[in-house]
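Residues per chain are reported as follows:
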Amino acid sequence: MNQTYPGVKVGKALAFVLWCLTTWASLPPALAQNTTDATKAPDSIEAEPSTSRPLDLRYWQPRYQAGRGLHFGDSGLVLGGYTSIDLSRDEGRPAEVVLDDLSLFVMLQGFERFSFFSELEFEDLIRVDSDGRAGSPEDRFEIERLYGVFSFSDQLEVRVGKFLTPVGRWNVIHAQPLVWTTSRPLVTEVPFDENTTGVMFSGNVLDGRLGYDLFGQFTNQLEPPPRGVQASRAGGAHLTLETTPGFSLGGTYLAFRSGGEWFHLAGLDALWRNGPLEWMTELTFDEGAGASGSQWGAYSQLAAEILPKIFAVGRYEHFAKRGAGSSVNQVVLGGAFRPRPYAVFKIEYQILDHTSDLTEAGFRSSFAFLF
Amino acid sequence: MSADEIERIYLKRQRYWKDGKPVVPINREAASTPRQRFDRKFLGSAKLDLIAYWNQRYFHGVFPPATLESDEAIKRYVASDPNALGYIAADRVDDSVIVVNRPD
């Protein structure tokens, strides 16, 4: 190591220790030397009710299940999360290994009509590149989500706090263990603030086939993002209609104020699953009410299980950012291996039609898991 | 009770009975034969789809139904909780529970 990035902090060291512990806890039984029954089916990762009572020590007895968190008996307290380590090499740059995400979930369940959820995220914890530099130049700790849910019926629940903005599909499931590629489509992060701090009404009607989210932000964002769109006020809606089994169609409208200007965004999304195939697409168009102009983008992604637990993935995206000459076409080709239901290895190569300040061409891979 | 409603309940897309009380669905353990037959019959999805589905729900703080490891345990639980729903072999049914669906 001949150089270091500035700013290695005690917090990051603690986060790294935590990451090591959670990694160990999530290893297959033979490696972790724990006593979990290795013969269990891979998806046997569910909570079981017990008969203990609040004053009984068993009420708080911890029970860990890989990919489903640490449950403290019948108390309703659950700790969980996910993490991701990435290896990438953008064209013309050194290769990098990054411990990119460590997200901790703190959940409180067990009430009939109320639940609490929070996600605390450490980003860019450690970065080592092939030129010998090590550090974490963009490290960050943030409250990614923090909200309470008041559930009145299947048709109405109210969420209050900081939550993921329900634009399309990717943003609300963006965790690395849940998506097919290490890279993220531009259309799912560039045009809008990924979080909203406010109130959201959600529910479903028509026997669950039509779902809705209606949300608003009336205060400043709790911990606004360091770059990109920073919404200070927002309001919008997302509808999802399951038209036939395996196929659903969604639509989004979002108005938000950023940098003193109001923007209006409209979007469409769709998801189709049939046997070993999954197809997902999103399109957004947004325009500023002032002089900012408009931008739009769309992607189409296909994933197919080609062998047991092994998937081929392909995605095409076009994104036309505000301003002349800022559009880019990108193709991502890759694969994924899911050795366990809660873990995934991903590799991919991203090709661009020309260099862009929005994203880079190159190789990316990651190992991510829920814990 | 329709197969569609059972599917919604076991995927936790429907979480309340019509009278507003919360539904408590109970599963057999994932590796068991009754569970696999139930998933095929009522959830209709590939195993992989269900794993992806519950991973996504976990990301939002929603967990799969709790599991019990025998027909007898499920019957006792359902008999003791009027909001509970479970499945057992037809020849284990007695007067302590109400049958709401009898698949072919």
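Residues numbered from 1 in each chain as written. Chains lettered and ligands numbered in written order. Predicted model: local features only at pLDDT ≥ 70, side-chain atom pairs only at ≥ 80, totals over all residues. Heavy atoms only, no water.

(A) Inspection of the overall build of chain B at higher detail. Looking only at helices and strands, chain B features 4 helices and 3 strands. Listing the helices and strands of chain B from first to last along the sequence gives α-β-α-α-β-α-β. At 13 Å, chain B has a C-alpha radius of gyration in line with the 13 Å of a compact globule built from 104 residues. When each of the 104 residues of chain B is scored for burial, the buried share is 48%. The long-range fraction of contacts in chain B, counting pairs at least 24 apart against all pairs at least 6 apart in sequence, stands at 59%. Looking at chain B as shown, the accessible area adds up to about 5,400 Å², and 49% of this sits on carbon and sulfur atoms. (Helix = DSSP H or I, 4+ residues; strand = E, 2+ residues; numbered from the N terminus. Rg over C-alpha atoms; globule rule 2.2 N^0.38 Å. Buried < 20%, exposed > 50% of the residue type's maximum accessible area, 1.4 Å probe, protein only. Contact = heavy atoms within 4.5 Å. Areas by Shrake-Rupley, 256 points an atom, 1.4 Å probe, with all protein chains shown as cover.)

(B) A look at the side chain of R315 of chain A. Residues and elements named next belong to chain A. Tracing the sequence through the fold places R315 in strand 17 (residues 310–320). Buried charge R315 goes without a salt bridge, the closest partner of opposite sign being E317 at 5.0 Å. Of the polar contacts made by the side chain of R315, one reaches the side chain of S183; its length is 3.1 Å. Setting aside chain neighbours within four positions, we find R315 in contact with W170, T181, S183, R184, P185, Y299, S300, Q301, Q330, V331 and V332. (Lys, Arg positive; Asp, Glu negative; His and termini not counted. Salt bridge = Lys/Arg side-chain N within 4 Å of Asp/Glu carboxyl O. Polar contact = N/O pair within 3.5 Å; in protein donor to acceptor, adjacent residues only side chain to side chain.)

(C) Local environment of the sheet that holds strand 1 (residues 24–28) of chain B. Residues and elements named next belong to chain B. The strand order across the open sheet formed by 3 strands is 2-1-3, and the pairing between neighbours is parallel. One side of each edge strand has no neighbouring strand; the edge strands of this open sheet are strand 2 (66–68) and strand 3 (84–85). Sheet topology note: the strand 1/strand 3 ladder contains 2 bridges and is parallel. Bridged to V24 within strand 3 is A84. Lying over the sheet, helix 4 (residues 71–80) contacts strand 1, strand 2 and strand 3, oriented at roughly 170° with respect to strand 1. (Pairing = 2+ DSSP bridges. Axes fitted to C-alpha atoms, helices over the stretch in contact; angles between N-to-C directions.)

(D) Representation of the nonpolar core. F105, M107, L254 and F256 of chain A together with F59 of chain B are the most contacted members of the largest nonpolar core, which totals 50 residues. Apart from the residues lying within four places of it in its own chain, the contact partners of M107 of chain A are G76, L77, V78, G80, F116 and F117 of chain A together with Y58, G61 and F63 of chain B. Counting residues in each nonpolar core, the second largest holds 15 residues, with L11, F42, L50 and Y87 of chain B among its members. (Core = buried A, V, L, I, M, F, W, Y, C linked by side-chain atoms within 4.5 Å.)

(E) Just the environment of V331 of chain A, in detail. Residue and element names in this part refer to chain A. Counting through the fold element by element, V331 comes out in strand 18 (residues 327–340). Assessed through its relative accessible area of 31%, V331 is described here as partly exposed. Considering only alpha carbons, one finds V331 and V158, 173 residues apart in sequence, at a separation of 39 Å. With sequence-adjacent residues up to four places away left out, V331 is seen in contact with R315, Y316, Y349, Q350 and I351.

(F) Up close: unusual backbone geometry. All names here are of chain A. Phi is positive for D207, close to 55°, though the residue is something other than glycine. Inspection of the secondary structure puts D207 in the loop between strand 10 (195–205) and strand 11 (210–217). For D207, a relative accessible area of 58% translates into the label exposed. A positive phi is found at K309, a non-glycine position, where the angle reads about 75°. Relative to the elements of secondary structure, K309 occurs in the loop between strand 16 (294–307) and strand 17.

(G) Broad picture of the pattern of salt bridges. Scanning the entire structure with this criterion turns up 23 salt bridges over all chains. With a closest N to O distance of 3.0 Å, R15 of chain B and E157 of chain A form a salt bridge. Placement of the pair is R15 of chain B in the loop between helix 1 (3–10) and strand 1 and E157 of chain A in strand 9 (residues 157–164), with the two residues belonging to separate chains. Judged by its relative accessible area of 31%, R15 of chain B is partly exposed. Measuring nitrogen to oxygen at the nearest pair gives 3.0 Å for the salt bridge that ties R273 of chain A to E278 of chain A. Taking relative accessible area as the criterion, E278 of chain A reaches 11% and is therefore assigned buried.

(H) Molecular detail of the interface of chain B and chain A. Listed as interface residues are 30 residues of chain B and, on the opposing side, 46 residues of chain A. Overall, the association of chain B and chain A removes approximately 3,300 Å² of surface from exposure, summing both partners, and the carbon and sulfur fraction of that is 54%. For the chain B face of the interface with chain A, the top three residues by lost area are Y16, Y58 and F59 of chain B, together amounting to 25%. Between chain B and chain A we count 3 salt bridges in total. Along the contact surface separating chain B from chain A lie 14 residue pairs in polar contact (both at pLDDT 80 or more). Breaking the side of chain B that touches chain A down by element, the ones donating at least two residues are helix 3 (47–59) and strand 2 of chain B. With 10 residues, the top contributor of residues to the side of chain B that touches chain A is helix 3 of chain B. Looking at the side of chain B that touches chain A, its residues break down into 15 nonpolar, 8 polar and 7 charged. (Buried area = accessible area lost by both parts, 1.4 Å probe. Nonpolar A, V, L, I, M, F, W, Y, C, P; charged D, E, K, R; others polar.)

(I) Up close: the confidence of the model for chain A. Residue and element names in this part refer to chain A. Chain-level statistics for chain A give a pLDDT mean of 86 and a share of 84% at 70 or above. Per-element confidence in chain A ranges from a low mean pLDDT of 39 for helix 2 (residues 29–32) to a high of 98 for strand 11. Across residues 1–8, confidence stays below pLDDT 50; counting only partners more than four residues off in sequence or on other chains, it has 20 contacts. Within the model, pLDDT remains below 50 along residues 28–54, and this stretch shows 46 contacts once partners closer than five positions in the same chain are excluded. (pLDDT = per-residue confidence, 0-100.)

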